[in-house]
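Fold and geometry: a report
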Amino acid sequence: MPTPAQEIQAQVSKELAGFVTIIVLGASGDLAKKKTYPALFKLFRNGFLPENTHIVGYARTKMTHEDYLGRVTQYIKADEKEVEKFKAITTYHSGLYDDDASWKSLDDYLVKNEAGRGVSQGHRNRVFYMALPPSVFIPVAKGVKKAVYSRDGVNRLIVEKPFGMDTESSNELGRELGALFKEEEIYRIDHYLGKEMIKNVMTMRFANIFFSQVWDRKYIDNVQITFKEPFGTEGRGGYFDDFGIIRDVMQNHLLQVLSLIAMERPISTESEAIRDEKVKVLKCIPPVTIDDALLAQYVAANGKPGYLEDDTLKNKQSRTPTFAALTLWVQNERWEGVPFIMKAGKALDDAKVDIRIQFRNVAGNLYKGAPRNELVMRIQPKEAVYIKFNNKQPGLSYQTIQSDLDLSYHERFTDMAIPDAYESLILDVLRNDHSNFVRDDELEAAWKIFTPLLHRIDSDSSIPVRTYPYGSRGPAELDGFVKKYGYDRSNANYTWPVQSVAPGNKL
């Protein structure tokens, strides 16, 4: 029986016949050196790349081969011999993004490289990774299609977010890309879909009968999806101000999480079946209203500067939210009346992302005051799944205490390495698995939920933007906001019992 690694290798080889050239567009940028190349290295080290693979970096920066290798391996932490082997399969070619001659030069370079590697006819497979700012997506896509697109093999195009700024700009980007590439050739990458715990949501829901039976409005009172970063914009204020926390995190990452929690059971685990159900549930969510929103911006505290004090921020009167709490409603039979509360912010008190599903109170509860059950999925850091449940305190007391059924990955799976999200998603591209990538109609449905709110925030200066101190939980109004949607905080600060009986009463 083949091992999981052998199965993966067989899938990739079947799709690409053992030959692939991966072209990293924007190879001199931060994303490429911090995420793309380290992920490619791990796939190479684990034997998941086809044997006849070559990686070509392409960017406007002119640099020597040695400079290129130094740049793309500076964030790779591994044995030097392994890194040297990886360096042997990657080269660099510079050129412009809006110049036909540059693209023709890149194609000539690739053809020569493929010939030197003995790539057989019909197998000039090329994967294009656009590690680029959105301003050059279309010029690059046009250059690739016109001059570098393989007419003698498989082509796949990986596009990084952001996918537009609203419904109109997203649809325009979609039309432009759709005119150049087939939908099955496009992989819109949202790296949150590559995280281990996000990939586990479907398995938990549909492979466990006890979860599937209580996964609806009869048993679930509310759902919270929380994203916390302990740092502010710190030199990225100029970029962040164009997007804000809703476009940066909520419209993509957190909405993808919500769709996996709320969607109906797909007819199979095939990628299109999964994406069909995600689109269906997104179409059941009406646009977010300002009444279901709490917006805020961090101010100086704890020796840290406020958002408006960021040197890269041009608009010193900016009202761009760095924190938002939004409540979404899924208007279908399963979820009618259940609030899905998204919370996301920068410069907060912790670094974590989690899903918190709070169940309803026990009907006719014998044990008054017992807190609600909760299912918590910790996405990062230290992946975990745990259920808060009520339990008799051990010993002679009949007091009810809260305990955990706890699956902490770092304790349970000590001999297993959890892959980085980019590593996982690039492997999915090589396997031709679209399950964890965003389809065009899914993207449109997602933007329709947020676009009216975003346009109002951008244009209406009367909408209140609260403040919160750097390093805090968020604005003071946050507790009241979640409480009005039914969230019960009575079990928020429980601690493990340290003894079963009162001090001095030893048995």
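Being a predicted model, the structure only gives us computed values, none of them experimental. (Residues numbered from 1 in each chain as written. Predicted model: local features only at pLDDT ≥ 70, side-chain atom pairs only at ≥ 80, totals over all residues. Heavy atoms only, no water.)

**As for the domain arrangement of the protein chain**
When cut into domains, the protein chain gives domain 1 (4-160) and domain 2 (193-416 + 439-485). The gap between the C-alpha centroids of domain 1 and domain 2 is 35 Å. (Domains from an automatic or database assignment.)

**A short note on the packing of aromatic side chains**
Under the definition given, this model contains 21 aromatic pairs. Ring centres of Tyr 58 and Tyr 97 lie 6.2 Å apart, and the angle between their planes is 55°; this geometry places the pair in the tilted category. Here Tyr 58 is found in strand E2 (residues 52-59), whereas its partner Tyr 97 is found in the loop between strand E3 (90-94) and helix H5 (100-116), with 39 residues between them in sequence. Judged by relative accessible area, Tyr 97 falls into the buried class, the value being 6%. The rings of Phe 240, Tyr 298, Tyr 307, Phe 323, Tyr 468 and Tyr 470 are connected pair by pair, giving a single aromatic cluster. Its end group placed over the ring of Phe 181, Lys 145 keeps NZ or CZ at 5.8 Å from the ring centre. (Phe/Tyr/Trp six-rings, centres within 6.5 Å; stacked < 30°, edge-to-face > 60°. Helix = DSSP H or I, 4+ residues; strand = E, 2+ residues; numbered from the N terminus. Buried < 20%, exposed > 50% of the residue type's maximum accessible area, 1.4 Å probe, protein only. Lys NZ or Arg CZ within 6 Å of the ring centre and 35° of its normal.)

**Let's talk about the nonpolar core**
If you look at the biggest cluster of nonpolar residues, it comprises 147 residues, and the most contacted ones within it are Leu 25, Trp 103, Ile 246, Leu 326, Leu 328 and Phe 450. With eleven residues, the single largest contributor to this core is helix H11 (residues 244-262). Residues lining this core come from more than one domain, with at least three contributed by each of domain 1 (4-160) and domain 2 (193-416 + 439-485). Non-local contacts of Ile 246, meaning those with residues more than four positions away in its chain, are made with Gln 251, Leu 295, Ala 324, Leu 326, Phe 450, Leu 453, Leu 454 and Ile 457. (Core = buried A, V, L, I, M, F, W, Y, C linked by side-chain atoms within 4.5 Å. Contact = heavy atoms within 4.5 Å.)

**As for the sheet that holds E3**
Taken together, the six strands give an open sheet; going across it, the order is E3-E2-E1-E4-E5-E6, and neighbouring strands pair in parallel fashion. Bordering the open sheet on either side are E3 and strand E6 (186-189), each of which pairs with just one other strand. Sheet twist, expressed as the mean angle between neighbouring strand axes with direction ignored, is 20°. Pairing of strand E5 (residues 155-160) with E6 involves four bridges; the strand directions are parallel. (Pairing = 2+ DSSP bridges. Axes fitted to C-alpha atoms, helices over the stretch in contact; angles between N-to-C directions.)

**A word on the UniProt feature "domain: Glucose-6-phosphate dehydrogenase NAD-binding" (unreviewed entry) in the protein chain**
Residues annotated by UniProt as "domain: Glucose-6-phosphate dehydrogenase NAD-binding" (unreviewed entry) correspond here to residues 23-200. End C-alpha atoms of residues 23-200 are separated by 30 Å, and the span's content is 45% helix alongside 17% strand. (UniProt positions renumbered as here; feature names shortened; annotations may be inferred.)

**Describing the sheet that holds strand E7 (residues 220-228)**
Within a beta sheet, neighbouring strands are joined by backbone hydrogen bonds and run either parallel or antiparallel to one another. With respect to topology, nine strands assemble into an open sheet ordered E14-E13-E12-E11-E7-E10-E9-E8-E15, the strand pairing being mixed. Looking at strand neighbours, the two that pair on one side only are strand E14 (400-408) and strand E15 (466-469), the edges of this open sheet. Averaged over all neighbouring strand pairs, the angle between strand axes comes to 20°, with direction disregarded. The pairing of E7 with strand E11 (residues 352-359) spans eight bridges and is classified as antiparallel. If you follow Lys 228 over to E11, its bridge partner there is Lys 352. Of the strands in this sheet, E11, strand E12 (374-380) and strand E13 (384-392) are in contact with helix H8 (residues 196-206), which crosses E12 at around 145°.

**So, empty space enclosed by the protein**
For the coordinates displayed, the defined rule picks out one cavity of 30 Å³ or more. In this structure, the largest cavity occupies an estimated 140 Å³ of space. Along the walls of the largest cavity sit 18 residues, with Phe 163, Asp 190, Gln 251, Asn 252 and Leu 443 positioned nearest its centre. Secondary-structure elements contributing two or more residues to the lining of the largest cavity are H11 and helix H15 (440-459). For the lining of the largest cavity, the leading source of residues is H11, giving six residues. Grouping the constituent residues of the lining of the largest cavity by class yields nine nonpolar, five polar and four charged. (1 Å grid on protein atoms, 1.4 Å probe; cavity = no way out; pocket = protein on both sides within 12 Å on 5 of 7 lines; lining within 4 Å. Points joined across faces, edges and corners; volume = space filled by probe spheres on them. Nonpolar A, V, L, I, M, F, W, Y, C, P; charged D, E, K, R; others polar.)

**Some remarks on the packing of H5 against helix H6 (residues 137-148)**
At their nearest, the axes of H5 and H6 sit 9 Å apart, and the two run at 50° to each other. The angle between H5 and H6 falls in the class oblique. By crossing handedness, the relation of H5 to H6 is classed as right-handed. Between H5, through Asp 100, Trp 103, Lys 104, Leu 106, Asp 107 and Leu 110, and H6, the contact on the second element is made entirely by Pro 139, Val 140, Gly 143, Val 144, Lys 146, Ala 147 and Val 148. When its residues are assigned to classes, the contact of H5 with H6 shows eight nonpolar, one polar and four charged. (Parallel < 35°, antiparallel > 145°, perpendicular 65-115°, else oblique. Left-handed = near helix turned anticlockwise from the far one by under 90°.)

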